[in-house]
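An overview of the molecular structure
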Amino acid sequence: MRKILTIAACLALGAAGSAMAQETFPRNGVYDERTGLVALTNATIHTDYKTKIENATLLIRNGKVEAVGTKVQVPAGAIVVDAKGKHIYPGLVDMFTSYGLPEVQPARRNWTAPPQEESTKQGAYNWNQAIRPETNAVELFKVDKKQAEELRKLGFGTVLAVHRDGIARGTATLVTLADKRENEVILLDKAAAALSFEKGSSPQDYPNSLMGSIALLRQTYLDAQWNNMNPGREQNISLAAFTGANNYPQIFEANSKLNMLRADKVGDEFRKQYIIKGGGDEYQMIKEIKATNAPIIVPLNFPEAYNVEDPYDARRVPLDAMKHWEMAPSNPAALQKAGIPFAFTTADLKDKKDFLPNLRKAIEYGLSEEEALKALTATPAQLLKADKHVGSLDKGKLANFIITSGNLFAEDNVILENWVQGNQYKITEVPADYRGIYTLKIGQQPERKLQIAGTPEKPELKVIGQDTVTGKITVSGNLVTLSFNKDKKSKEAIRLSGWYADKNLQGEGQLPDATLVKWNAKFSEAMTEKAKKDAAKEKQAIELGNMIYPFQAFGQAELPKQETVLIKNATVWTNESEGVLQNADVLLKNGKIAKVGKNLTESGARVIDGTGKHVTAGIIDEHSHIALQGVNEGTQAVTAEVRMMDVLNHEDPNIYRQLAGGVTTSQLLHGSANPIGGQSALIKLRWGKSPDELFVENAEGFIKFALGENVKHSNRAPAHNVRFPQTRMGVEQVYVDAFQRAKEYEQAWKNYNKLSKKQKAAAGEPRRDIELEALVEILNGKRHITCHSYVQSEINMMIKVADQMGFKVNTFTHILEGYKVADKMRDHGAGGSTFADWWAYKMEVKDAIPQNAGIMHHLGVTTAINSDDAEMARRLNQEAAKSVKYAGVSEEDALKMVTLNPAKLLHLDDRMGSIKVGKDADVVLWNNHPLSIYARAEKTFVDGIAYYDLERDTQMRTELERERMRLVQKMLQAKTTGARTQGPPMRRASVVHCEDVEHHAEEDYMAY
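Each chain has its residues counted from 1, running along the sequence as written. Per-residue local features of the predicted model are confined to residues with pLDDT of at least 70, and side-chain atom pairs are confined, for both listing and counting, to 80 or more; whole-chain, interface and lining totals are unaffected and use all residues. The side-chain numbers reported here are obtained from all heavy atoms of the structure, hydrogens and water having been left aside.

1. Structural notes on the overall build of the protein chain
- The secondary structure listing takes helices from DSSP runs of H or I that are at least 4 residues long and strands from runs of E that are at least 2 residues long, numbered from the N terminus. When its secondary structure is counted, the protein chain shows 26 helices and 44 strands.
- Here the C-alpha coordinates of the protein chain stretch approximately 110 × 75 × 55 Å along the principal axes.
- Whether a residue is buried, partly exposed or exposed follows from its accessible area with a 1.4 Å probe, protein chains only, as a fraction of its type maximum: under 20%, in between, or over 50%, in that order. Within the protein chain, the fraction of its 1008 residues that count as buried is 57%.
- Using a 1.4 Å probe, the Shrake-Rupley method yields the accessible areas, and only the shown protein chains count as cover for residues. Counting only carbon and sulfur atoms, one obtains 49% of the accessible surface of the protein chain, whose full area is about 42700 Å².
- Charge convention: Lys and Arg are scored as positive, Asp and Glu as negative, and His as well as the terminal groups of each chain are ignored. Charge positions are represented by NZ for Lys, CZ for Arg, CG for Asp and CD for Glu. On the protein chain, the mean spot of the 128 positive side-chain charges and the mean spot of the 127 negative ones are 4 Å from each other.

Shown next, in the form of structure tokens:
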């Protein structure tokens, strides 16, 4: 005989799957060996994200799916559960949680103790504690009933447990959310390898920057390859584990769009296709994200509206934060439209209860229900290679499923039960659904209509007759209480009490005159579908602002395009032998300077009247730190392995601001925290383009060196100042030692490459070292030095070391005592890039004079004026003019100090720095003499594209204020309708200099 149960009266089936497998654990007491055979009948079953079967049966045995469909034969002895009117979905899968794992406490710097330079981890492990691939989450995992219950309430039955600690984090484990022993819930002990750019709990000083983390990860890949190819050379548990983890899916926690692109570059370098956990901002760079070919793990942590009632607080909210609040819910739909595979996660939510409401909000913003279900079932299961266990309700898979009152994604849906490994977990007891239209008869009164709407949990009552009145309804099981005024004018209430049976209501009540009456309400039509239709009518179409590039104030929906431009009748500063041309024309075509002369014509060109105006080459800033997320990896004396290209931020508003000052090209330098810093990035200020599109194509490599107080940490407290070197003479030895090691490294590779194939196999390949490779490039003239310097004695020392070790110093930057050693610089072949008149801001510059640039120039040193400051770069033309006043430099030569001369120092003078046919169309149109304090850049062209236009800028400011006000009003409306709000973000200005050191987890922003 079969026992038939309703879903509401189902037995506690927690033991139904207990016999699913033989156990190694002994039992103390009576064995419970029930078969775990259960049939759920008459349900709407979604076997996978695209297949729905009406009036179907799901048969489970011993915690697994045995059959599903409309023709399933229910075997004798099965417990039958009537699920009529209910929906059954596969259990949801979250592939990025910390479920069951110990909490990770990020290392906090003890400022009373010296920094930790070496690893303190005992054993044959990696030299850096942020590299911990030997960690296996399965060994740390413990079932957490409280966390499991929280996730089951959301519909999840399976999760990936990731130990979020370190850069190389080891392996993650895939587990179910059953309340069982650890041995019984683990599906895949090693389901994925986990990586990130965050140090986690490592107290070690290195790395303290994002670029340092990237370099460390790159070097770890190389070390692991070397360790694997050369067994016996070094026993390293960490590197062996890192190699072993390559066999699993690679999950990289990036948390932001730019870090996603950075992670993908590392993956491409080492032929790894990461699954990348994003930050919910992928829609802002959807083209670039798609190009990574990476599946994305997407959090649904939509930001709260900002409290903008106070206009001053509203001004503190940057435009990008406002727009992200509005557009973040559209992110999943954007990924779907782009064809990017993705899975959802509960990670990053402050309150896990927001998950389902945010998921439904994403559907309102364009995500299809099918894709939403796929992202919660099939996609994570496939990515983790666990689709033979979970992700759908196919025969042989785990009996992980949820039972819902209706469509999972409907606002009024309720998750009733969550079955995990065949174990039933009740989630919600739903009250009877009384919603509908009834014919109400109270005693001898005329019939009226009774409408019950709202939701089963919060029903809403209307009584419709000669008057329509609203009332109150209370439901408890099948008992109901009604209360409403007898008409609109009356305050006297009719009170009714009764019960629900066979879709009808009946009972007894009392009229306002104390008369006792009997009443009944006969069901006539359902209210739920009507309510849905009415809601659809009332719901307004979601309107979003334009996507802008970059996603920042002064971003544009459409970027300016390259065009043919003819500037006529202007004063043209050629920086060539022709000098300054009066009433001349310049033709920009195909991104190049096509013609320079008088009376030029060009069919189809946009003609700009340059009468009374001046045309110059674009300003080039040889020393800048804009558009970077961190400038110093200051933990070690030599950090040649780090690259500024890895931390480029194309949305830094300083790019746009400097275009407004006529700047077209910048060298982005590492800071001055160490004698040998990181590799430079040379960019053009192509505002709105992606990071990779900013780099100057085929530019030669540069690197930052530094001398003086900064590199020996003169301004640090003694307890913190433990890193070698501590003295200026120690700095010299750092250089000698580094280049000696580089020479030996290069020789080792030369010796190896001379060997035969057999000899190479016997000898073993030398270990690749990306730090030394950069120094070898210097020795071979493939990378050039920009050296931070002030004091005469140290400049002499640097030249001596360069001569001794066989390399050249390309540029001495800052060089405020350059006037003392200009002849030696000239003889060495070094240029000077200096400030115009900075002085007395520290002891090293007490001998600075404003004639410095002029003296170096007059003695034959290629001299440039740089900014080292985001603000100053907007007026480098004025800085150049100071050498006219103080040192008698000609106006043309002064202008060259910020155009042609920095181009020479950067080995780009064949492409930019002057108005010459064939050079890049990096050109500025000024409204006045370019060295005048009254000069304003009216148009700044980069590659013939007007990335800055004064007229358009004025228009954009108006549009920007209009957009801000639209968003403010939308946030105010959201607050009125009950949305949670937050205060203005605490953001710091993104202005960095040589000496700034910040932890890489911090990000800098600039509010408009």
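2. Side note on the sheet that holds strand β11 (residues 250-253)
- Strand order in this open sheet of eight strands is β7-β8-β9-β10-β11-β12-β13-β15, and the pairing throughout is mixed. Pairing within the sheet leaves two strands with one partner each, and these edge strands are β7 (92-97) and β15 (342-345). Strand-to-strand twist in this sheet, taken as the mean axis angle between neighbours without regard to direction, amounts to 30°.
- For two strands to be treated as a pair, DSSP must find at least two bridges joining them. Sheet topology places β11 next to strand β12 (residues 275-277); three bridges connect them, and they run parallel. Residue E253 lies in a different strand from β12, and its bridge partner there is K277. Orientation is described by axes fitted as lines to C-alpha atoms, over the contacting stretch for helices, and by angles from 0 to 180 degrees between their N-to-C directions.

3. Observations concerning the environment of E150
- By the secondary structure assignment, E150 is in helix α2 (residues 145-152).
- Separated by 452 residues in the primary sequence, E150 and E602 place their C-alpha atoms 70 Å from one another.

4. Thoughts on the sheet that holds strand β33 (residues 663-668)
- In spatial order, the strands read β32-β33-β35; together these three strands make up an open sheet with mixed pairing. This sheet does not close on itself; its edge strands, each paired only once, are β32 (619-624) and β35 (681-684). Each strand axis lies, on average, 15° off the axis of its neighbour in the sheet, ignoring direction.
- Pairing of β32 with β33, which is carried by four bridges, proceeds in the parallel orientation. Paired with I620 across the strands is T665, a residue of β33.

5. Focus on the nonpolar core
- Definition used in this section: a nonpolar core is a set of buried Ala, Val, Leu, Ile, Met, Phe, Trp, Tyr and Cys residues joined via side-chain atoms within 4.5 Å. Core analysis: the biggest nonpolar cluster contains 144 residues, and Y99, L217, Y274, I296, F344, F355 and L359 have the highest contact counts within it.
- With nine residues, helix α4 (residues 210-229) is the largest single contributor of residues to this core.
- Once residues lying within four places of it in the same chain are set aside, the contact partners of L217 are I167, L195, F197, F242, F252, V266 and Y274.
- One finds L707, I795, M797 and A822 within the second-largest nonpolar core, a separate group that totals 44 residues. Residues count as neighbours in contact if any of their non-hydrogen atoms are within 4.5 Å of one another.

6. Concerning the side chain of D949
- Assignment of secondary structure puts D949 in strand β43 (residues 945-949).
- On the basis of relative accessible area, D949 is assigned to the buried category, the value being 10%.
- Polar contact is the term for a pair of N or O atoms within 3.5 Å; when the atoms are in protein, one must be able to donate a hydrogen and the other to accept it, and sequence-neighboring residues count only if both atoms are side-chain atoms. At 2.9 Å, the side chain of D949 and the backbone nitrogen of E951 are in polar contact.
- Among the polar contacts listed, one links the side chain of D949 to the backbone nitrogen of R952, at a separation of 3.1 Å.
- Look past the residues within four positions of D949 in its chain and what remains in contact with it is E938 and K939.

7. Looking at the pattern of salt bridges
- Here a salt bridge means any side-chain nitrogen of Lys or Arg lying within 4 Å of a carboxyl oxygen belonging to Asp or Glu. A complete count under the given rule lists 61 salt bridges for this structure.
- Across the salt bridge formed by R980 and E304, the nearest N and O atoms sit 3.0 Å from each other. Taken together, the residues R980 in the loop between α26 (950-976) and β44 (981-982) and E304 in the loop between β13 (296-299) and β14 (305-306) connect sequence positions 676 residues apart.
- When its relative accessible area of 23% is taken as the criterion, E304 is described as partly exposed.
- E817 is the salt-bridge partner of K820, the closest N and O atoms lying 3.2 Å from each other.
- If you follow the salt bridges from partner to partner, you end up with K592, K684, R686, E697, D920, D922 and D943 in one network.

8. Let's talk about the packing of α4 against helix α6 (residues 257-269)
- Where α4 meets α6, the axes come as close as 10 Å, and the angle between the chain directions of the two elements is 20°. Taken as axis vectors, α4 and α6 run roughly parallel relative to one another. Both α4 and α6 take part in a crossing whose hand is right-handed. Contact with α4, carried on its side by L210, I214, L217, R218 and Y221, involves N259, R262, V266 and E269 of α6 and no other residues of that element.
- Residue classes follow a fixed rule: Ala, Val, Leu, Ile, Met, Phe, Trp, Tyr, Cys and Pro count as nonpolar, while Asp, Glu, Lys and Arg count as charged, and any other residue, Gly among them, counts as polar. By residue class, the composition of the contact of α4 with α6 is five nonpolar, one polar and three charged. Reported orientations rely on four angle classes, namely roughly parallel under 35 degrees, roughly antiparallel over 145, roughly perpendicular from 65 to 115, and oblique for the rest. Crossings are classed by handedness, with left-handed meaning an anticlockwise turn of the near helix from the far one by less than a right angle and right-handed meaning a clockwise turn.

9. Notes on the packing of aromatic side chains
- Classification of ring pairs uses Phe, Tyr and Trp, with its six-membered ring standing for Trp, and accepts pairs whose centres are within 6.5 Å; under 30 degrees between planes counts as stacked, over 60 as edge-to-face, and the remaining range as tilted. Summed over the entire model, instances satisfying the criterion amount to 22 aromatic pairs.
- A connected cluster of aromatic rings, assembled from ring pairs, spans F554, Y656, W687 and Y948.
- When the ring centre of Y125 is taken as origin, the NZ or CZ atom of K121, which lies over that ring, is 4.3 Å away. Over a ring means this: the NZ of a Lys or the CZ of an Arg is within 6 Å of the ring centre and within 35 degrees of the ring normal.

10. A look at the packing of helix α11 (residues 355-364) against helix α12 (residues 369-376)
- Two numbers describe how α11 lies on α12: the axes approach to 9 Å, and their chain directions differ by 140°. Classified by the angle between their axes, α11 and α12 sit oblique to one another. Where α11 crosses over α12, the handedness of that crossing is right-handed. Contacts between α11 and α12 pair F355, L359 and I363 from the former with E369, A372 and L376 from the latter.
- Counted by class, the contact of α11 with α12 contains five nonpolar, no polar and one charged residues.

11. Observations regarding unusual backbone geometry
- In this structure, P207 follows Y206 across a cis peptide bond, with omega equal to -5°.
- On the secondary structure map, P207 appears in the loop between β10 (186-196) and α4.
- Residue P550 is bonded to the preceding Y549 through a cis peptide linkage, with omega at -5°.
- Along the chain, P550 falls in the loop between α14 (528-538) and β27 (565-573).

12. Describing the environment of V734
- Considering the arrangement of structural elements, one finds V734 in helix α17 (residues 728-753).
- Measuring from C-alpha to C-alpha, the distance between V734 and N674 comes to 9.8 Å, with 60 residues separating the pair along the chain.
- In this structure, V734 is in contact with A637, V638, P675, F724 and P725, ignoring residues within four places of it in sequence.

13. Some remarks on the environment of Q235
- Tracing the sequence through the fold places Q235 in the loop between α4 and α5 (237-245).
- Overall, Q235 belongs to the exposed group, its relative accessible area being 63%.
- Sequence separation between Q235 and A124 is 111 residues; the distance between their C-alpha atoms is 6.7 Å.

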